[in-house]
Amino acid sequence: AKYRNGFSEKIINIFGVKGDIGKKVVHKIVNGSEAIITAVVLVLIIQRFYLGNFMVPTGSMEPTIMPKDRLFGNMVSYKFRAPKREEIVVFKEPIQNKVLYTKRVMGLPGETVNIQNGNLYVNGEKIDSREYSNIGEIGNEKWIIPKKGDTIEIIPGKDYGKLFRENMIDVAEVQKYLVDNPGAVSEILPDLEFRVNGEKTGMMLDLIHDSKYVDRIFQGENVALISDKNYYFALGDNTNGSYDSRMWGFVSEDRIKGKAFVRFWPITKMGLLK
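What this report covers is the structure whose coordinates are included nearby. (Residues numbered from 1 in each chain as written. Predicted model: local features only at pLDDT ≥ 70, side-chain atom pairs only at ≥ 80, totals over all residues. Heavy atoms only, no water.)

**Examining the sheet that holds strand E6 (residues 119–122)**
Spatially, 4 strands are ordered E7-E6-E5-E8 in an open sheet, and the strand pairing comes out antiparallel. In the strand order of this sheet, the two ends are held by strand E7 (125–127) and strand E8 (143–144), each with one partner. Bridge count for strand E5 (residues 112–116) against E8 is 2 bridges, and the pairing is antiparallel. Residue pairing across strands places Val113 opposite Trp143, the latter belonging to E8. (Pairing = 2+ DSSP bridges. Helix = DSSP H or I, 4+ residues; strand = E, 2+ residues; numbered from the N terminus.)

Encoded structure:
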């Protein structure tokens, strides 16, 4: 209060405000402005660290979440525990590293996933929650979801750099494009394999965002490293209308921002998400 009054007096002196009414108005404006600024700061802090506000632009999660639905996300829970199967998560997509995706976690670190006849299998057991088609890169393959401590390998199918040079293509430009757009890796670098503990698996596009790995891949070198993070297999409920892990691989744990838990818009559909 002492600070506010002092600030008000400075404003009064600077602008030469005279009269009791004028001074009262200045005091009210200063006090009101502080309350508004405080409220805005609190809202920003709450949204950043506790309660995220998200809008879903596509139909990838239909019928659970419809296009233009607005959600609140719990930004705290995953700081203390790992995501669980069937939870709907909001994460920074690894394709271009630009926008937030909303998908359902269906495979956990260390598990093996595959899709057959419209069914998702985890470690050989059918998950009956919903149907999934095997479109995308996964096809009929079994993928091991990487976990912390696993050996990850990226194995080039050929000397890509030499191939591009022979066809008069600027290798440096292609490398830069790929680092910025790892989702194009299967088209630009056909036959590139990702392996976990020696077994072929889905893509880890975070590694393609790293130019030092891309440089080695372009030279036809194998890349091997020990994973320092866990990964997840994320799917949209709208199986034929979702761009998800089947196409671009796994979501690293540090990309997951929060758990979508309640829809607040439209008001007629307000409620907890399941």
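**Description of the environment of Gly198**
Inspection of the secondary structure puts Gly198 in the loop between strand E10 (193–196) and strand E11 (199–201). We classify Gly198 as partly exposed; its relative accessible area is 41%. Taking the C-alpha atoms as reference points, Gly198 and Thr151, separated by 47 residues in sequence, lie 7.7 Å from one another. (Buried < 20%, exposed > 50% of the residue type's maximum accessible area, 1.4 Å probe, protein only.)

**Describing helix H7 (residues 211–218)**
Of all the positions in H7, only Tyr213, Val214, Ile217 and Phe218 are classed as buried. In an axial view of H7, the angular spread of the buried residues amounts to 135 degrees, which keeps them on one side of the axis. Along its buried surface, H7 packs onto strand E9 (151–155), helix H3 (160–166), helix H4 (171–180), helix H6 (205–208) and strand E12 (223–226). Positive backbone phi, at 85 degrees, marks Gly220, one or two positions downstream of H7. (Arc of directions from axis to C-beta. Contact = heavy atoms within 4.5 Å.)

**Re the side chain of Asn114**
Within the secondary structure, Asn114 sits in strand E5. Residues in contact with Asn114, not counting those within four places in the same chain, are Asn119, Leu120, Tyr121, Ile138, Glu141 and Lys142.

**Quick word on the packing of H4 against H7**
Across the interface, H4 lies against H7 with an axial gap of 10 Å and an inter-helix angle of 135 degrees. By the angle class used here, H4 and H7 are oblique. Considering how the two elements wind past one another, H4 and H7 form a crossing that is right-handed. From H4, Val171, Val174, Gln175, Leu178 and Val179 reach across to H7, where they touch Ser211, Val214, Asp215 and Phe218. (Axes fitted to C-alpha atoms, helices over the stretch in contact; angles between N-to-C directions. Parallel < 35°, antiparallel > 145°, perpendicular 65-115°, else oblique. Left-handed = near helix turned anticlockwise from the far one by under 90°.)

**Here we look at a nonpolar patch on the surface**
A cluster of nonpolar side chains, Trp265, Ile267 and Met270, forms an exposed patch at the surface whose accessible area comes to about 360 Å². Take Trp265: it is sitting in strand E15 (residues 256–265). (Patch = residues over 30% accessible without salt bridge, like charges linked within 9 Å, V, L, I, M, F, W, Y side chains within 5 Å. Areas by Shrake-Rupley, 256 points an atom, 1.4 Å probe, with all protein chains shown as cover. Salt bridge = Lys/Arg side-chain N within 4 Å of Asp/Glu carboxyl O.)

**Concerning the side chain of Asn230**
In this structure, Asn230 sits in the loop between E12 and strand E13 (231–235). Those residues in contact with Asn230 that sit more than four places away from it in its chain are Pro109, Pro146, Lys147, Lys148, Val251, Ser252 and Glu253.

**Some details on H4**
Listing the buried residues of H4 in full gives Val171, Val174, Gln175, Leu178 and Val179. Buried residues along H4 cover an arc of 135 degrees about the axis, so they all sit on one side. When the buried face of H4 is taken as reference, the exposed residues oriented beyond 90 degrees from it are Glu173 and Lys176. Contacts from the buried residues of H4 go to H3, helix H5 (185–188), H6 and H7. Residue Asp170 occupies the N-cap position of H4, its side-chain oxygen lying 3.0 Å from the main-chain nitrogen of Ala172. (Polar contact = N/O pair within 3.5 Å; in protein donor to acceptor, adjacent residues only side chain to side chain.)

**Describing the packing of aromatic side chains**
Counted according to the given criterion, the structure contains 8 aromatic pairs. Ring geometry for Tyr101 against Trp248: centres 6.3 Å apart, planes inclined by 50 degrees, an arrangement best described as tilted. Residue Tyr101 is found in strand E4 (residues 100–107), and its partner Trp248 is found in helix H8 (residues 245–248); the two are separated by 147 residues along the sequence. Assessed through its relative accessible area of 0%, Trp248 is described here as buried. A cation over an aromatic ring shows up here: Lys103 above the ring of Tyr101, its NZ or CZ 5.4 Å from the ring centre. (Phe/Tyr/Trp six-rings, centres within 6.5 Å; stacked < 30°, edge-to-face > 60°. Lys NZ or Arg CZ within 6 Å of the ring centre and 35° of its normal.)

**Thoughts on the pairing of strand E2 (residues 70–74)**
Residues Leu71 and Gly73 point to one face of E2 and are all buried, whereas Arg70, Phe72 and Asn74, pointing to the other face, are not buried. Here E2 pairs with E15 via 5 bridges, running antiparallel. If you follow Leu71 over to E15, its bridge partner there is Arg263.

**Regarding the environment of Glu187**
With respect to the secondary-structure elements, Glu187 resides in helix H5. On the basis of relative accessible area, Glu187 is assigned to the exposed category, the value being 59%. Among the polar contacts made by the side chain of Glu187, one reaches the side chain of Ser186 at a distance of 3.2 Å.

This is a description of form; function is not addressed.
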